[in-house]
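Working through the structure, step by step
So the chains spell out like this:
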Amino acid sequence: AEGAQAKRRDAILSPSEPCSPGSVACDWPAHRSRGVLPVRPANVTTVMIRNLPTCFVTQTLVEALCRSGFAGQFDFCYVPCNFANCEGKGFGFVNFMSCSSADRLIQMWHGLHPLGGGALLGPLNISAAEVQGRAANVQEWAGPHKRRIRNPVMRPFVADV
């Protein structure tokens with residue numbers, strides 16, 4: 001079973017796939033040791049993912065989540081981007097519709113390099129986000145300052161529920 005899980009993790013993005021249209025393919029190092037999984041409080045549905053490759057924007061993370069078997073299991077995803085170059089800032093947020101889906105992502109991705117990025121970024125670090133739930137995350141985007149952002153690359157993915 002562990003071998004099958006490793007194959008699924010390795011298949012998230014193949015080394016030849018570019019991170020985004022027109023970009024250079026991400027580095028594809030060997031996975032690091034998983035180490036200790038983070039302590040997760042009960043009822044966590046929103047996670048923060050750190051050490052994402054900067055070539056990852058919201059849409060790229062959505063695609064990687066879907067390829068990992070999470071299609072239809074999350075309703076909010078956001079990777080903050082640099083306005084100057086439209087690159088991701090190396091972290092993102094995902095809200096899952098169930099605690100078990102959030103826990104499964106942590107089990108599959110935490111402490112590994114399933115998305116590329118290599119030793120320069122370190123393995124992914126996944127933890128409970130400060131803001132929990134779809135409604136609370138959408139509310140973070142309800143203010144006039146963030147609503148004025150029109151570039152779809154810099155806006156969150158919010159699923160219709």
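Refer to the structure printed above.
What comes next is a walk through the structure.

Cut-off values and rules
Note on numbering: residues in each chain are counted from 1, in written sequence order. pLDDT decides what is reported in this predicted model: residues at 70 or higher carry local features, side-chain atom pairs at 80 or more are listed and counted, and totals for whole chains, interfaces and linings draw on all residues regardless. Just so you know, side-chain values use all the structure's heavy atoms and leave hydrogens and water out. Working definition: helices are DSSP H or I runs of at least four residues, strands are E runs of at least two. Numbering for both runs from the N terminus. Per-residue accessibility, obtained with a 1.4 Å probe over protein chains only, is compared with the maximum for each type, and a residue is labelled buried under 20%, exposed over 50%, and partly exposed between these values. Areas reported here follow the Shrake-Rupley algorithm with a probe of radius 1.4 Å; residue values treat only the protein chains shown as occluding. Helix span, as expected, comes to 1.5 Å for every residue beyond the first. Two strands qualify as a pair provided that DSSP identifies no fewer than 2 bridges between them. Should any heavy atoms of two residues lie within 4.5 Å, those residues are counted as being in contact. Axis geometry follows a simple rule: fit a line to the C-alpha atoms, using only the stretch in contact for helices, then measure angles between N-to-C directions, giving values from 0 to 180 degrees. N or O atoms closer than or at 3.5 Å make up a polar contact, with two conditions inside protein: a donor-capable atom paired with an acceptor-capable one, and, for residues adjacent in sequence, both atoms drawn from side chains. We call two directions roughly parallel when the angle between them is under 35 degrees, roughly antiparallel when it is over 145, roughly perpendicular when it lies between 65 and 115, and oblique otherwise. The residue classification treats Ala, Val, Leu, Ile, Met, Phe, Trp, Tyr, Cys and Pro as nonpolar and Asp, Glu, Lys and Arg as charged. All others, Gly included, are polar. Geometry of aromatic contacts follows a simple scheme: Phe, Tyr and Trp rings, the Trp one being its six-membered ring, pair when their centres are within 6.5 Å, and the pair is stacked under 30 degrees between planes, edge-to-face over 60, tilted otherwise. A ring has a charge above it when a Lys NZ or an Arg CZ is no more than 6 Å from the ring centre and no more than 35 degrees off the ring normal.

This paragraph deals with the overall build of the protein. The number of helices and strands found in the protein is six helices and five strands. Reading the secondary structure of the protein in the N-to-C direction produces α-β-α-β-β-α-α-β-α-α-β. Evaluated residue by residue, the protein yields a buried proportion of 42% over its 161 residues. Approximately 8400 Å² of the protein is accessible, and the part contributed by carbon and sulfur atoms is 56%.

Next up on the list: helix α2 (residues 58-70). Look at α2: only 15 Å from first C-alpha to last across 13 residues, short of the 18 Å you get at 1.5 Å a residue. Among the residues making up α2, those that are buried are T58, T60, L61, V62, A64, L65, S68 and F70. Looking at the residues trailing α2, positive phi occurs at G72, about 80°.

Among the five residues that make up strand β2 (residues 74-78), five are buried, leaving the element largely enclosed by the rest of the structure. The pairing of β2 with strand β3 (residues 91-96) spans four bridges and is antiparallel. Bridging across to β3, F76 finds its partner in N95.

With that settled, consider the sheet that holds strand β1 (residues 46-50). Spatial ordering of the open sheet is given by β4-β1-β3-β2-β5, a layout of five strands whose pairing is antiparallel. Of all strands in the sheet, those with a lone pairing partner are β4 (125-128) and β5 (157-158), marking the two edges. The pairing of β1 with β3 spans five bridges and is antiparallel. The residue bridging T46 from the neighbouring strand is N95, located in β3. Together, β1, β2, β3 and β5 form the strand contacts of α2, whose direction differs from that of β2 by roughly 145°.

Attention shifts here to unusual backbone geometry. Peptide bonds are, in most cases, trans, and in most cases residues other than glycine have a negative phi. Of note, N51 is a non-glycine position whose phi angle comes to about 75°, a positive value. Mapped onto the elements of the fold, N51 is located in the loop between β1 and α2.

As a further point, take the side chain of D75. The residue D75 is located in strand β2 in this model. Among the polar contacts made by the side chain of D75, one reaches the side chain of N95 at a distance of 2.6 Å. Residue contacts for D75: discarding those within four places in its chain leaves N95, M97, R134, F157, V158, A159 and V161.

Within the secondary structure, Q107 sits in helix α3 (residues 99-109). When the C-alpha positions of Q107 and I126 are compared, they lie 9.5 Å apart, and in sequence the two are 19 residues distant.

For the rest of this paragraph, the subject is the packing of α2 against α3. Following both chains from N to C, one finds α2 and α3 inclined at 95°, their axes separated by 12 Å at the closest point. In terms of orientation, α2 and α3 fall into the roughly perpendicular class. Judged by residue contacts, L61, A64, L65, S68, G69 and F70 of α2 engage S101, R104, L105, M108 and W109 from α3. Here the contact of α2 with α3 is built from residues that sort into seven nonpolar, three polar and one charged.

Of the positions making up α3, those classed as buried are S101, A102, L105, I106, M108 and W109. Of the residues flanking the end of α3, it is G111, one or two places downstream, whose phi is positive at about 80°.

Counted under the stated rule, the structure contains five aromatic pairs. An aromatic cluster is defined as three or more aromatic residues linked by ring pairs; in this entry it consists of F70, F74, F96 and F157. Looking at R104, its charged tip hangs above the ring of F70, at a distance of 4.2 Å from the centre.

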